[in-house]
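Architecture at a glance
Listed here are the chains, written in short residue letters.
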There are 2 protein chains.
Amino acid sequence: MAPISKKPRANPTLSREAWVLAATNLLAREGLQAVAVEPLALALGVTKGSFYWHFKSRNELIQAVLEAWEQDQSADVATRYGGIPDPHRRLRVLLFAAFEDVENGKLFAALTVSAQDSRVEPALRRATERRLALGLEAFQALGLSEEEARQRALLAYAAYTGYFQLLRTTPEAVEAVTDLSGYVHRLADALVPEPPT
Amino acid sequence: MAPISKKPRANPTLSREAWVLAATNLLAREGLQAVAVEPLALALGVTKGSFYWHFKSRNELIQAVLEAWEQDQSADVATRYGGIPDPHRRLRVLLFAAFEDVENGKLFAALTVSAQDSRVEPALRRATERRLALGLEAFQALGLSEEEARQRALLAYAAYTGYFQLLRTTPEAVEAVTDLSGYVHRLADALVPEPPT
DNA sequence: TGGCAACCATACGCGACCGTATTGAATCGG
DNA sequence: CCGATTCAATACGGTCGCGTATGGTTGCCA
């Protein structure tokens, strides 16, 4: 038998990151109001006592979750977006990448739900601004006017937001459309003018 | 001086409908969790005592709000949609009407936020199903295949949902697109094939 | 082996909101 | 004018989650 010491301490001890991770998952699945200290502790098999050793408050946990989210948002964009020279391809890659990352889409939808929250709001606003700016730029690179590019960017972003919102609220309705990539294709075709053959 | 009786009873007495109306407004502005009995009573200048005379519970109030909403959803569709013979016009009218009703759009967005709630979920699901079915039908009337019509309907609905969600979370971002009708035009043009000139 | 630091449990007080009871005041029909 | 009805205030007990205080284990290290 392995020399299990008296109390294996369930988990070899919880790290701050473990709390943040668990909180993020809970947030994505059940929303911000669900990321509460006591229930979270219960789910992790410990009590509040542990939590308040790692964090000053629930507020601090939420801030940490949001920071982590914003971090790998930027990271993602940087890697995926990279420098695709052809503007048509770049735009389509952008669209497909966005819709394919379902996990992130769900998390984003969950955050949108709590947009009223004073901690969530700034993070969400920054994300939205970045994304819309990226879209604007991408559409302008196609030769569209600013106004037109702005409209299409908003349209694309609304379609993104709405898609994951619907996926959250009424998954059955979305799944009735059997083919996601067909959906995104349609979106891309509707928004991205034909390349100059 | 007008013969003000001893206690003019602030408001000439609150009706059940007044509570429902106030709750609906609060819901649209601050979400479901904000429609709480005590705060609501405070806002109306009375106390819980009054509320629990008109309603059995908070739950009953919420049900009432949802029922009222579903009621005039159907009513709206019936009147607006009416029988426009030409499928192209019908579809465009539908789209414009949906985006123009900002009040209802905001209320819808607020409900979407609380889609997890066991009372909201069914109402929201029914609304979504009705709307998608309407969209499917309208696109099929243009001669599109079912699959294609389904995709476009979902796209249009996602754009609708997402638009009002963005309006809720980050109004500045939306307002940067100066022209709403331009936006909707773009959406319509992208989705509705040219009429057979 | 004593001691300190990391990690966690337990117990408590607090505020917000729900729902219940009970009482009070205005109003209307007879 | 009076009693019943309608509407509302007050006071209470209960739940859930936050945050604090305090004490208990474990592990490492001198």
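That block above? That's the structure.
Residues numbered from 1 in each chain as written. Chains lettered and ligands numbered in written order. Predicted model: local features only at pLDDT ≥ 70, side-chain atom pairs only at ≥ 80, totals over all residues. Heavy atoms only, no water.

1. Section: the pattern of salt bridges
All names here are of chain A. Put simply, the rule reads: Only one rule defines a salt bridge in this text: a Lys or Arg side-chain nitrogen within 4 Å of an Asp or Glu carboxyl oxygen. Here the term buried applies to any residue with accessible area under 20% of the maximum for its type, exposed to any over 50%, and partly exposed to those in between, with areas from a 1.4 Å probe on protein chains only. Numbering of helices and strands runs from the N terminus; a helix is a DSSP stretch of H or I covering at least four residues, while a strand is a stretch of E covering at least two.
Tallying each qualifying case throughout the model produces 25 salt bridges over all chains. Its salt-bridge partner being Lys56, residue Glu60 comes within 4.0 Å of it at the nearest N-O pair. With a relative accessible area of 66%, Lys56 lands in the exposed category. Note that Asp189 is salt-bridged to Arg92, the shortest N-O span being 3.1 Å. Pair noted here: Asp189 is in helix H10 (residues 180-191) and Arg92 is in helix H5 (residues 87-100), with a separation of 97 residues, a long-range link. Judged by relative accessible area, which is 24%, Arg92 ranks as partly exposed.

2. Examining the packing of aromatic side chains
Here is the rule: Here the aromatic set is Phe, Tyr and Trp, taking the six-membered ring for Trp, and pairing holds for ring centres within 6.5 Å; pairs whose planes are under 30 degrees apart are stacked, those over 60 apart are edge-to-face, and all others are tilted.
The full count for this structure, using the stated rule, is 26 aromatic pairs over all chains. Geometrically, the ring pair formed by Phe99(A) and Tyr163(A) is edge-to-face, given 5.4 Å between the ring centres and 70° between the ring planes. Of this pair, Phe99(A) sits in helix H5 while Tyr163(A) sits in helix H8 (residues 146-169); the two residues are 64 residues apart in sequence, bridging distant segments of the chain. In this structure Phe99(A) comes out as buried when scored by relative accessible area, which is 2%. The class for Tyr163(A) is buried, based on a relative accessible area of 7%. Between Phe99(B) and Tyr183(B), the ring centres sit 5.9 Å apart and the planes meet at 70°, which makes this aromatic pair edge-to-face. You can see Phe99(B) sitting in helix H5 (residues 87-100) and its partner Tyr183(B) sitting in helix H10 (residues 180-191), a full 84 residues away along the chain. The same class applies to Phe99(B) as to Tyr183(B), namely buried. Following the ring pairs from residue to residue traces out a cluster consisting of Phe99(A), Phe108(A), Tyr157(A), Tyr160(A), Tyr163(A), Phe164(A) and Tyr183(A).

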